[in-house]
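# Chains, contacts and geometry: an overview
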Amino acid sequence: MKSRRRLALALLLSVALTSAIATPVDYGLAKLGAATGVAIKQLPVRVVSNDPGLGPDGFTLACVGDQWLVTGGNERGAMYGLLDLAEQVRQGTALARIEPKTERARFEFRTIKFNLPFAAYRTSPTIEQHQDTCRDIKYWEAFLDMMASNRFNTLTLWSNHPFHYFVVPKSFPEAQNFSDAEMAEWRKLWTQLFALAKERGIETYLVNWNTFVSPEFSRAHNLGDYNITGAHIGVGTREKIVVDYTRECVQQTIDEYPDLTGFGITLGERMGDQTPAERRQFLDDTFFAGIAAAKRPVKFIYRAPLSANTGSGGSTSEENDRLTRAQIEGLRNNPNIILPVYTEFKYNWSHGHSTPNLFIVHGGKLSDAYWNPAPTSHRVVWTVRNEDFFVLRWGAPDFIREFIANNGAPHVGGVLVGSECYIPAKDYITNTGRHKTWTWAFERQWLWYALWGRLLHNPATPDQTFERLLGARFGPEHGPDLLKAWTLASRAQLRFAAFHRGTWDGSLYTEGFTGWLDNSHDSSFQFFNIENIITHPVLDTKYVNIADFVKAGGQIPADKVSPLQLAAELERDMTEARRLAAAVRERGNVSAPLAGEMADIDAWTAHGLYFAAKLRGGVALATYRQNGDKSEQAAAVAHLERALEHWRDLTVAGTKYNVPRMPHNPNELFSWARFIPSVERDIAIARGTATVDTPPRSMRVAEPIKPATP
């Protein structure tokens, strides 16, 4: 094994290997052999895996004589080159006819955020139902295969407190009550998962929420019910035993899991009533001390402080930013922390799928303290959260490319994508039938993963690549129209999240046109009624909300987009997406799986047209309220009646291939049909036959925050 690894790192790698997987290069060769049907030792391929000119994770494919020369900037890059060849062969291109190419990685850190259902950040049936799936190593093997094929190179596993699933702390055996056999099963799971990830060139991190401990440890030392219930907002313990326990867990986990790459922390939840300085001291005494005492070095993700004061809700300040940067830069003195430290920020808080321009992070505006002057010990990472669509598929390559162009300054090391409230494990959404040809939830969103992973690796990846992926699934004649339709239909979601400013996770659930009443474990939905659409502040300040637009007499600066202009853009794009979908159907050869995916295009176009009609209705209603013109009231009613038709279309399309009601993170079921009475009530409000409810205080949003300067 050692000689094989040394050979892989040498200038030239022979392909005369066994079928055993040992390194990323071995993995790539195995996939190419499977695609071609040729034994690995007979593949006409030579591999170079250490060409510094390509940079980490870059690769070149070149035909030299009767062989393919696959050159990688490192082993992972060489693997990507082999996987590229294998994919093209599977799509029908003979190995001899593949075109030479070169790709260099745009970002070094291309990461998936995966919230574990064990000691989960939120508790509800929709989270807990994934526990069996996430203990199935076959699931993880499939998920890691998907990551490798899409050029993701890092998997982060998130939990309030993961350690009692990994180790039995030597000084604190009371921290868990698993039997020896149960603990052996947990160790086997994590050991296999980390090994599979390493074989695929994927680094692994554990990310937790600080002062949480295991329920058993909390009961033994009377440390607070929040460790049992998982309620993550509020004051946490300051007991020294928690510091000692956490430090030992960190050290022991590093020592017992050699394939684990690193850790990440969150300076926020259950640290209420602590100053930022006290929170930083907690890190020094726990994570950083435990890492320093371990037997090997690790990497580290430092989630920038989520509160610049003693509250738990989130706030920012330049002073706190600079003090935090000082702590991060001081980590260069810790011999067991591998630089750079990845300093993570939530891009546009919990709603990264919104606008390609940065306006807020968790807590408000972000200063330039983390990159001015240019950092040497850390790199910025943007977390692009998805709390906006769990049911409907999504695909907008133009948005991702623009996001990268706008937010890829030299101090940026990468991007982390994923959700807090949705686990892509058990598929609890799709109805059974011929349309369902997959097993796990992440396979439903295959295009989302393909777009983010491949464009983060190489934003110059052409649309033709994704058209071929669509064509390989549904017929090559459909690929171009499908990608265009997805791009246009997905703008319904993006424009709503850019217009309707969301903050914390549940403040905005775009596909449901709802938000949660509050940030508690027993929250419930509130529909965004016409009053909310008129008054709610925007996220992207190029837009003007309805109330301000009407107050200004419909006159706005040339660089702004009015609600009516936004409505026109939505109508244009949704109409074209529908035309493209119709063209696919008219062409014929629409398989059951394709029909299932196209129902989501239908749903998004109905969503976008509903939003457009509601915008027009909101402008007319606000105008009527301002000047008393009855014709404006009549127009508002007409627009909102049209909106109801579109909402009914959304309800039909969204449930045609999916269960009609599904568990959501609040402890209740979600369905579009549930909110038909709310849509109808908007019409009554416009007619003046229903009163407007005042939204609960927790649903209100403060004045718009000025955009941050990247």
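Predicted model, so just to flag it, every value in this text is computed and none were measured.

Throughout the structure, instances matching the rule amount to seven cavities of 30 Å³ or more. The wall of the largest cavity is formed by 17 residues, among which S419, Y422, P424, W448 and Y449 lie closest to the centre. Among the elements of the structure, β5 (109-115), β12 (412-418) and α14 (446-457) are those that each provide at least two residues to the lining of the largest cavity. It is β5 that provides the largest number of residues to the lining of the largest cavity, a total of four residues. Along the lines of polarity and charge, the residues of the lining of the largest cavity split into 11 nonpolar, five polar and one charged. The calculated volume of the second largest cavity comes to roughly 130 Å³. Residue lining of the second largest cavity: D84, E87, Q88, Q91, K101, E103, R151, R454, H457, T461, T465 and R468, and that is the complete set. If you list the elements that add at least two residues to the lining of the second largest cavity, you get α3 (75-90), β4 (101-103), α14 and α15 (463-474).

This brings us to the sheet that holds strand β9 (residues 299-303). The strand order around the closed barrel built from eight strands is β5-β6-β7-β8-β9-β10-β11-β12, with neighbouring strands paired in parallel fashion. Pairs of neighbouring strands in the sheet enclose a mean axial angle of 25 degrees, with direction left out of account. Along the sheet face, α14 touches β5, β11 (378-385) and β12 and points at about 175 degrees away from the line of β12.

Before going further, it helps to examine the confidence of the model for the chain. Summary statistics for the chain give a mean pLDDT of 93 and a share of 94% for residues scoring 70 or more. Counted against residues more than four places away or in other chains, residues 1-19, with its pLDDT under 50, gives 43 contacts. Note on residues 695-710: pLDDT under 50 across the span, and 37 contacts to partners over four residues away in sequence or across chains.

What follows deals with the packing of aromatic side chains. Tallied over the entire structure, the rule returns 66 aromatic pairs. Centre to centre, the rings of F143 and Y449 are 6.1 Å apart; their planes meet at 85 degrees, and the pair counts as edge-to-face. Placement of the pair is F143 in helix α5 (residues 137-149) and Y449 in helix α14, with a sequence separation of 306 residues. A relative accessible area of 0% means that F143 is categorised as buried. Accessibility expressed as a relative area gives 5% for Y449, which makes it buried. The cationic tip of R135 hangs over the ring face of W186; the distance from NZ or CZ to the ring centre is 3.8 Å. R473 extends its terminal NZ or CZ atom over the ring of W446, reaching a point 4.0 Å from the ring centre.

Okay, the nonpolar core next. Of all hydrophobic cores here, the largest spans 184 residues; its most connected members are W140, F143, L155, W190 and W452. Counting residues per element, this core draws most heavily on helix α21 (residues 592-627), which supplies 17 residues. With 23 residues, the next largest nonpolar core counts W68, Y80, V89 and A148 among its residues.

All right, on to the pairing of strand β7 (residues 203-207) then. Most of β7 sits inside the fold, with five of its five residues counted as buried. Burial of the side chains of β7 extends over both faces: E203, Y205 and V207 are buried on one face and T204 and L206 on the other. In this structure, strand β6 (residues 154-158) lies alongside β7, joined through five bridges in parallel fashion. Bridge pairing in β7 places T156 opposite Y205. Taking the sense of rotation as the criterion, the β-α-β connection linking β6, helix α6 (residues 180-199) and β7 turns out right-handed. With three bridges joining them, β7 and strand β8 (residues 262-266) adopt parallel strand pairing. Each bridged residue has a counterpart across the sheet, and for V207 the counterpart in β8 is G264.

The subject of this paragraph is the sheet that holds strand β1 (residues 45-48). Spatial ordering of the open sheet is given by β1-β3-β2-β4, a layout of four strands whose pairing is mixed. With partners counted over all chains shown, the strands left at the sheet margins are β1 and β4, one partner each. The sheet shows a mean angle of 20 degrees between the axes of neighbouring strands, taken without regard to direction.

Rules used in this analysis
Residues numbered from 1 in each chain as written. Predicted model: local features only at pLDDT ≥ 70, side-chain atom pairs only at ≥ 80, totals over all residues. Heavy atoms only, no water. 1 Å grid on protein atoms, 1.4 Å probe; cavity = no way out; pocket = protein on both sides within 12 Å on 5 of 7 lines; lining within 4 Å. Points joined across faces, edges and corners; volume = space filled by probe spheres on them. Helix = DSSP H or I, 4+ residues; strand = E, 2+ residues; numbered from the N terminus. Nonpolar A, V, L, I, M, F, W, Y, C, P; charged D, E, K, R; others polar. Pairing = 2+ DSSP bridges. Axes fitted to C-alpha atoms, helices over the stretch in contact; angles between N-to-C directions. Contact = heavy atoms within 4.5 Å. pLDDT = per-residue confidence, 0-100. Phe/Tyr/Trp six-rings, centres within 6.5 Å; stacked < 30°, edge-to-face > 60°. Buried < 20%, exposed > 50% of the residue type's maximum accessible area, 1.4 Å probe, protein only. Lys NZ or Arg CZ within 6 Å of the ring centre and 35° of its normal. Core = buried A, V, L, I, M, F, W, Y, C linked by side-chain atoms within 4.5 Å. Right-handed = clockwise from strand over helix to strand, strands pointing away.

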